[in-house]
Amino acid sequence: MRTQLYIDGKWAEPVDGGSIEVINPATEEAFATLAIGNEKDADLAVKAARRAFDKDGWPQTTGKQRAVYLRRIATLIRERLEDIAKLEVLDNGKPLPEARWDIGDAAGCFDYYADLAEQLDDSNNQELAVSDDRFRCKVRREPLGVVGAIIPWNYPLLMSAWKVAPALAAGCTVVLKPAEITSLTAVELAAIAQQAELPAGVLNIVTGSGSRAGQAIITHPQVDKLAFTGSGRIGSHIMAEAAKDIKRVSLELGGKSPMVIFEDADIEAAVEWIMFGIFWNQGQVCSATSRVLVQRPIYDKLLERLAAETRKITIGNGMDEGVLLGPLVSRAQHETVQAAVERAREEGATVLVGGGRPASFDKGYYFEPTVITDMSLDSTVWNEEIFGPVVCVRPFDTEEEAVEVANDSRFGLAAAVMTKDQPRADRVSNALRAGIVWVNCSQPTFTEAPWGGYKQSGLGRELGKWGLENYLEIKQVTSFVSSDPWGWYIK
């Protein structure tokens, strides 16, 4: 297992030799050592990416040529899927079946953007009709430049793919800074890129802290674009820093996603989708179904079924068969989630199920799946993202009330509605202020569809053709094609 930095197509020790231990969240024990880069390492990585973009010809490759590399990467990920998935479990804590799913999706992401890279060859240099036939106008889409990509710890390899694959497909070069506490599969991606013979400098990976390596990438004058997934606080900081150089920015930030369940919904299906929406990946999901609104006639019955099924969830080491809920990613995250639940109690809410460390575990960052009720609309637990396996449930009476309460949030990433009434599903879907709306389900995510939010949930969209457009500039090329003089100055 390599844990060095990957800069300019080579493995490198950090300039100052920095390293940290990597902790398994299921055991609280160190199992690897990770190189920690600083400002100097980030500078070397950015300069390598700059040279690869400006001098070595990566932007001049055809989409078809870039697609070859992307498909090689996808193939190599699939060939090593089981080993990479197990490494993800050790590093992040999620159950192995979830990790396998994530790694497969990452491979699929590289394949998908290989297809879009090829399509760029056919769609570029499009002619545009203009009002004066003495001129011919073409529109080109060109790679934006050097991309600084900063990703979170909840889906380490998949979030790398979401940014690296479209950026490379577009013809950009990349400096990737993974989350400090879950960097190992990003380092594996570097090894795969090297094995795929990706040209030197096209992809660089610098592990390290956000305050040093991350900040150096954010402020580097030779970085053209910043792509970030993470907290609103850091997203706001990145916007402020990017404004100084007018860097392009795309941000995928937090959420407090509502699910609206009407009285005609199938209760068993609703319970299943609530649980999938909030307990998958231990609730460490930006789009997690963390606010549930249930129409009053079925509120008590649904709550009873949700509590009963939540108590059945198997908690344990993600490597163990049958485990559905692994540990949280770190001690700090465990403390954050515990503090949020304690504050909910202090504010008068009822912790119906869970609420703390399972009694059967004295080690590991385990937290019980938790259902909270009786919270006020202005309570912290109802309004703030917890990023853990904690769901808040409230009753409502009318459709208008449900929509108003669901939209009363500074976030707008995702939302869901459950009803058998299709016209109502359409009305509510249209009324919900969110970038992603699910009907009679929660959390399905497709590489082909746009991902991103309204309000403080971010800027721009990832995935689909929209993800590729994040990394392209639009150029107008207009030619004078008439045989007659222009006639404006020469008489």
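In the block above lies the structure referred to throughout.
Because the structure is predicted, anything quoted here is derived from the model rather than measured.

### Observations concerning the overall build of the protein
Part 1 of the argument: From N to C terminus, the protein includes 15 helices and 22 strands.
Part 2 of the argument: Its C-alpha radius of gyration of 24 Å places the protein within 12% of the 23 Å reference for a compact globule of 491 residues.
Part 3 of the argument: Expressed as lengths along the three principal axes of its C-alpha atoms, the size of the protein is roughly 85 × 55 × 40 Å.
Part 4 of the argument: For the protein, buried positions account for 56% of its 491 residues.
Part 5 of the argument: For the protein, restricting intrachain contacts to residue pairs at least 6 apart in sequence, the fraction spanning at least 24 positions comes to 72%.
Part 6 of the argument: Put simply, the protein shows about 20,400 Å² of open surface, and 50% of that area lies on carbon and sulfur atoms.
Part 7 of the argument: Of the charged side chains in the protein, 52 are positive and 68 negative, and the gap between their average positions amounts to 5 Å.

### With respect to the layout of surface pockets
Part 1 of the argument: Approximately 380 Å³ is the volume attributed to the second largest pocket.
Part 2 of the argument: Looking at the second largest pocket, it is lined by 16 residues, and the ones nearest its centre are Glu272, Met275, Phe276, Ile313 and Leu324.
Part 3 of the argument: If you list the elements that add at least two residues to the lining of the second largest pocket, you get helix H4 (96–123), helix H9 (267–279) and helix H10 (296–311).
Part 4 of the argument: When residues in the lining of the second largest pocket are grouped by element, the largest group, 6 residues, is from H9.
Part 5 of the argument: Residue composition of the lining of the second largest pocket, grouped by class: 11 nonpolar, no polar and 5 charged.

### Brief notes about the pairing of strand E6 (residues 135–143)
Part 1 of the argument: Note: strand E5 (residues 126–128) against E6, 3 bridges, orientation antiparallel. Bridge pairing in E6 places Gln126 opposite Val139.
Part 2 of the argument: Adjacent in sequence and paired antiparallel, E5 and E6 are bridged by 6 residues.
Part 3 of the argument: As defined by bridge partners, E6 adjoins strand E22 (residues 472–480) across 9 bridges and the pair is classed as antiparallel. Bridging from a neighbouring strand, Cys137 pairs with Thr478 of E22.

### Notes on the pattern of salt bridges
Part 1 of the argument: Going through the model one piece at a time under the given rule, you end up with 32 salt bridges.
Part 2 of the argument: Linking Lys94 and Asp102 is a salt bridge whose minimum nitrogen-to-oxygen distance equals 2.5 Å. Each of the two residues, Lys94 as well as Asp102, counts as buried.
Part 3 of the argument: As a salt-bridge pair, Lys244 and Glu241 come within 3.1 Å of each other at their nearest N and O atoms. Taken as a pair, Lys244 and Glu241 lie in helix H8 (residues 232–245) at a separation of 3 residues, close to a single helical turn.
Part 4 of the argument: Given a relative accessible area of 61%, Lys244 falls into the exposed group.
Part 5 of the argument: Among the charged side chains, a salt-bridge network with shared partners connects Asp8, Lys10, Arg51 and Asp56.

### A closer look at the environment of Thr185
Part 1 of the argument: Along the polypeptide, Thr185 turns up in helix H6 (residues 184–195).
Part 2 of the argument: You can call Thr185 buried: its relative accessible area is 0%.
Part 3 of the argument: Once residues within four sequence positions are removed from consideration, Thr185 is found in contact with Ile84, Leu87, Glu88, Pro156 and Leu157.

### Points about the packing of aromatic side chains
Part 1 of the argument: In total, this model carries 14 aromatic pairs according to the counting rule given.
Part 2 of the argument: Arranged with centres 6.2 Å apart and planes meeting at 75°, the rings of Phe480 and Trp486 form a pair that is edge-to-face.
Part 3 of the argument: The exposure class assigned to Trp486 is partly exposed, which follows from its relative accessible area of 47%.
Part 4 of the argument: Grouping aromatic residues by their ring pairs yields a cluster made of Trp101, Trp273, Phe276 and Trp280.
Part 5 of the argument: Taking NZ or CZ as reference, Lys225 lies 5.2 Å from the ring centre of Tyr471, over its face.
Part 6 of the argument: Over the ring of Phe262 we find Arg424; its NZ or CZ atom is 4.2 Å from the centre of that ring.

### As for unusual backbone geometry
Part 1 of the argument: At Asn281, a residue that is not glycine, the phi angle is positive and equals roughly 55°.
Part 2 of the argument: In this fold, Asn281 is placed in the loop between H9 and strand E13 (289–295).
Part 3 of the argument: Judged by relative accessible area, Asn281 falls into the buried class, the value being 0%.
Part 4 of the argument: Residues other than glycine seldom take positive phi values, yet Gln443 does so here, at roughly 85°.
Part 5 of the argument: On the accessibility criterion, Gln443 (11% relative accessible area) is buried.

### Considerations on the sheet that holds E5
Strands belonging to one sheet form pairs held by backbone hydrogen bonds; the direction of such a pair is parallel or antiparallel.
Part 1 of the argument: Spatially, the 3 strands line up as an open sheet ordered E5-E6-E22, and their pairing is antiparallel. Of all strands in the sheet, those with a lone pairing partner are E5 and E22, marking the two edges. Taken over all neighbouring pairs, the strand axes of this sheet differ in orientation by 30° on average, direction set aside.

### Brief notes about the side chain of Ser457
Part 1 of the argument: With respect to the element layout, Ser457 can be found in the loop between strand E20 (454–455) and strand E21 (458–459).
Part 2 of the argument: Ser457 sits in the buried class, given a relative accessible area of 0%.
Part 3 of the argument: Within polar-contact distance, the side chain of Ser457 engages the backbone nitrogen of Gly412 at 2.9 Å.
Part 4 of the argument: With sequence-adjacent residues up to four places away left out, Ser457 is seen in contact with Leu251, Glu252, Leu253, Gly254, Gly255, Arg410, Phe411, Gly412 and Leu413.

### A closer look at the sheet that holds strand E18 (residues 414–418)
Part 1 of the argument: An order of E14-E15-E16-E13-E12-E18-E19 is seen for the 7 strands of this open sheet, with the pairing classed as mixed. Every other strand in the sheet has two partners, leaving strand E14 (350–353) and strand E19 (436–439) as the edge strands with one partner each. Each strand axis lies, on average, 25° off the axis of its neighbour in the sheet, ignoring direction.
Part 2 of the argument: Strand direction decides the pairing type here: E13 and strand E16 (residues 390–396), joined by 5 bridges, are parallel. Opposite Val292, over in E16, you have Val393 as the bridge partner.
Part 3 of the argument: Where helix H13 (residues 399–407) meets the sheet, it contacts strand E12 (257–261), E13 and E16, and its direction lies at approximately 165° from that of E13.

### Observations regarding the nonpolar core
Part 1 of the argument: Residues Phe110, Tyr113, Val174, Ile261, Ile274 and Val393 are the most contacted members of the largest nonpolar core, which totals 108 residues.
Part 2 of the argument: Here the element with the most residues in this core is H4; it accounts for 13 residues.
Part 3 of the argument: Listed in part, the 28 residues of the second largest apolar core include Leu293, Val337, Tyr365 and Phe396.

Reading the values: the criteria
Residues numbered from 1 in each chain as written. Predicted model: local features only at pLDDT ≥ 70, side-chain atom pairs only at ≥ 80, totals over all residues. Heavy atoms only, no water. Helix = DSSP H or I, 4+ residues; strand = E, 2+ residues; numbered from the N terminus. Rg over C-alpha atoms; globule rule 2.2 N^0.38 Å. Buried < 20%, exposed > 50% of the residue type's maximum accessible area, 1.4 Å probe, protein only. Contact = heavy atoms within 4.5 Å. Areas by Shrake-Rupley, 256 points an atom, 1.4 Å probe, with all protein chains shown as cover. Lys, Arg positive; Asp, Glu negative; His and termini not counted. Charge placed at Lys NZ, Arg CZ, Asp CG, Glu CD. 1 Å grid on protein atoms, 1.4 Å probe; cavity = no way out; pocket = protein on both sides within 12 Å on 5 of 7 lines; lining within 4 Å. Points joined across faces, edges and corners; volume = space filled by probe spheres on them. Nonpolar A, V, L, I, M, F, W, Y, C, P; charged D, E, K, R; others polar. Pairing = 2+ DSSP bridges. Salt bridge = Lys/Arg side-chain N within 4 Å of Asp/Glu carboxyl O. Phe/Tyr/Trp six-rings, centres within 6.5 Å; stacked < 30°, edge-to-face > 60°. Lys NZ or Arg CZ within 6 Å of the ring centre and 35° of its normal. Axes fitted to C-alpha atoms, helices over the stretch in contact; angles between N-to-C directions. Polar contact = N/O pair within 3.5 Å; in protein donor to acceptor, adjacent residues only side chain to side chain. Core = buried A, V, L, I, M, F, W, Y, C linked by side-chain atoms within 4.5 Å.

Treat this as a map of the structure, not an account of what it does.
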